[in-house]
Amino acid sequence: AQTVTQSQPEMSVQEAETVTLSCTYDTSESNYYLFWYKQPPSRQMILVIRQEAYKQQNATENRFSVNFQKAAKSFSLKISDSQLGDTAMYFCAFKETSGSRLTFGEGTQLTVNP
Amino acid sequence: NAGVMQNPRHLVRRRGQEARLRCSPMKGHSHVYWYRQLPEEGLKFMVYLQKENIIDESGMPKERFSAEFPKEGPSILRIQQVVRGDSAAYFCASSPSGTEDGYTFGSGTRLTVV
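All values derive from a computational prediction rather than experimental measurement.

Novice: What am I meant to see in the overall build of chain A here?
Specialist: When helices and strands are tallied, chain A shows zero helices and twelve strands. In sequence order, the secondary structure elements of chain A are arranged as β-β-β-β-β-β-β-β-β-β-β-β. Computed over its C-alpha atoms, the radius of gyration of chain A comes to 14 Å, within 12% of the 13 Å expected for a compact globule of 114 residues. By its C-alpha atoms, chain A is 40 × 25 × 20 Å across when sized along the principal axes. Put simply, chain A has 114 residues, and 49% of those count as buried. Expressed as a percentage of contacts within chain A between residues at least 6 apart in sequence, the contacts between residues at least 24 apart total 55%. When the 10 basic and 11 acidic side-chain charges of chain A are each reduced to a single mean position, those positions are 7 Å apart.

Here it is, written out as structure tokens:
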């Protein structure tokens, strides 16, 4: 079974600075997808960024980028120029290419301070 | 496109009552997934349904919980004889087919059992 681990329950960062959230996973699959979801206080689950395991290039979406280390099974999220609206719970998630369910980590609560 | 619609947003039930949670997938989506989020935890997969069929219910508790996705109408997650431990946020997600690299979540239903 796949597992996803987020070792940082809470993190904080000053507005405009950069922060990195960690995620590791365990799988025997070679093809899969990885995701970061954001859950603000509204509770809505918002897809931030996704990475396909067979692609070596790290995914980037505006201020959000990932550091995908397949051999190390690591998938960290970097948020540049942090904004107050980035305050939220961030979840790392895994999905087999052939499967349909997402396996989530326990989440990291990020607080951006003014 | 209204997105994935879940209702009610909040639901309060007394112990022993039944809870019915509804999910209308995005237009054109025929695959629905239910996840449960206990307080301070990540989302856990419960069940995956396609129109009129349960594809994977391996995450669903064996008793008191059931799900359906009829040919017409929303998907329903039903919890009979609720207990305090059922208090959680229940999220629905949908996708056009079962193997995309991600899907769209609703805003969830927060069930409180008193």
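That covers the picture; the talk isn't over yet.
Novice: In this structure, what is going on with the packing of aromatic side chains? I would like to understand it.
Specialist: Any two aromatic rings considered together are summarised by their centre-to-centre distance and by the angle between their planes. All names here are of chain A. Per the counting criterion, the structure on display carries 18 aromatic pairs over all chains. Relative to Tyr-32, the ring of Tyr-25 lies with its centre 5.4 Å away and its plane at 65°, an arrangement referred to as edge-to-face. With relative accessibility at 2%, the residue Tyr-32 sits in the buried group. With a centroid separation of 6.1 Å and an interplanar angle of 40°, the aromatic rings of Phe-35 and Tyr-37 are classed as tilted.

Novice: Please clarify how the pairing of strand β8 (residues 64–69) of chain A should be interpreted in this entry.
Specialist: Side chains on a regular strand alternate between the two faces of the sheet. Residue and element names in this part refer to chain A. Where strand β7 (residues 60–61) and β8 come together, two bridges link them in antiparallel fashion. Among the inter-strand pairings, Thr-60 is bridged to a residue of β8, identified as Ser-65. What sits between β7 and β8 in their antiparallel hairpin is a turn of two residues, with Asn-62 showing a positive phi close to 55°. Two strands pair when backbone bridges link them, and β8 and strand β9 (residues 74–79) are joined in this way by six bridges, in the antiparallel orientation. Across the sheet, residue Val-66 finds its bridge partner in β9, namely Leu-77. Where β8 hands over to β9, the hairpin turn is made up of four residues, of which Lys-73 adopts a positive phi near 55°.

Novice: For this particular structure, what's the right way to read the interface of chain B and chain A?
Specialist: A common way to state how big an interface is: give the accessible area lost once the parts meet. In this complex, chain B contributes 29 residues to the contact, which on the side of chain A involves 20 residues. Across the chain B to chain A interface the summed buried area is about 1900 Å²; carbon plus sulfur atoms make up 45%. There are two salt bridges connecting chain B and chain A. At the junction of chain B with chain A, the criterion picks out 14 residue pairs in polar contact (both at pLDDT 80 or more). Sorting the residues of the side of chain B that touches chain A by element identifies β4 (31–37), β5 (43–50), β9 (88–95) and β11 (109–113) of chain B as the ones contributing at least two each. Sorting elements by how many residues they give to the side of chain B that touches chain A places β5 of chain B first, with four residues. In terms of residue class, the side of chain B that touches chain A is made up of nine nonpolar, twelve polar and eight charged.

Novice: Just checking my understanding: could you explain the state of the cysteines for this structure?
Specialist: Covalent bonding between the sulfur atoms of two cysteines is what defines a disulfide. Across all of its chains, the model carries two disulfides over all chains by this definition. What pairs with Cys-23 of chain A in a disulfide is Cys-92 of chain A, and their sulfur atoms sit 2.0 Å apart. An S-S torsion of about -70° defines the bridge between Cys-23 of chain A and Cys-92 of chain A as left-handed. You can see Cys-23 of chain A sitting in the loop between β3 (19–21) and β4 (24–26) and its partner Cys-92 of chain A sitting in strand β10 (residues 88–96), a full 69 residues away along the chain. Each sulfur of the disulfide joining Cys-23 of chain B and Cys-92 of chain B lies 1.8 Å from the other.

Novice: Quick question: what am I supposed to make of the nonpolar core here?
Specialist: Side chains that are nonpolar tend, in soluble globular proteins, to be buried together. By size, the foremost hydrophobic cluster in this structure holds 25 residues, and its most contacted members are Tyr-25, Trp-36, Phe-75, Leu-77 and Tyr-90 of chain A. Looking at this core, the elements that each hand over two or more residues are β3, β5 (32–39), β6 (46–52), β8, β9, β10 and β12 (108–113) of chain A. A per-element tally of this core places β10 of chain A first, with four residues. If near-sequence neighbours (up to four positions away) are discounted, Leu-77 of chain A is found in contact with Val-19, Thr-20, Leu-21, Trp-36, Ile-49, Phe-64, Ser-65, Val-66 and Tyr-90 of chain A. One finds Cys-23, Met-26, Met-60 and Phe-65 of chain B within the second-largest nonpolar core, a separate group that totals 23 residues.

Rules and cut-offs
Residues numbered from 1 in each chain as written. Chains lettered and ligands numbered in written order. Predicted model: local features only at pLDDT ≥ 70, side-chain atom pairs only at ≥ 80, totals over all residues. Heavy atoms only, no water. Helix = DSSP H or I, 4+ residues; strand = E, 2+ residues; numbered from the N terminus. Rg over C-alpha atoms; globule rule 2.2 N^0.38 Å. Buried < 20%, exposed > 50% of the residue type's maximum accessible area, 1.4 Å probe, protein only. Contact = heavy atoms within 4.5 Å. Lys, Arg positive; Asp, Glu negative; His and termini not counted. Charge placed at Lys NZ, Arg CZ, Asp CG, Glu CD. Phe/Tyr/Trp six-rings, centres within 6.5 Å; stacked < 30°, edge-to-face > 60°. Pairing = 2+ DSSP bridges. Buried area = accessible area lost by both parts, 1.4 Å probe. Salt bridge = Lys/Arg side-chain N within 4 Å of Asp/Glu carboxyl O. Polar contact = N/O pair within 3.5 Å; in protein donor to acceptor, adjacent residues only side chain to side chain. Nonpolar A, V, L, I, M, F, W, Y, C, P; charged D, E, K, R; others polar. Disulfide = S-S within 2.5 Å. Core = buried A, V, L, I, M, F, W, Y, C linked by side-chain atoms within 4.5 Å.

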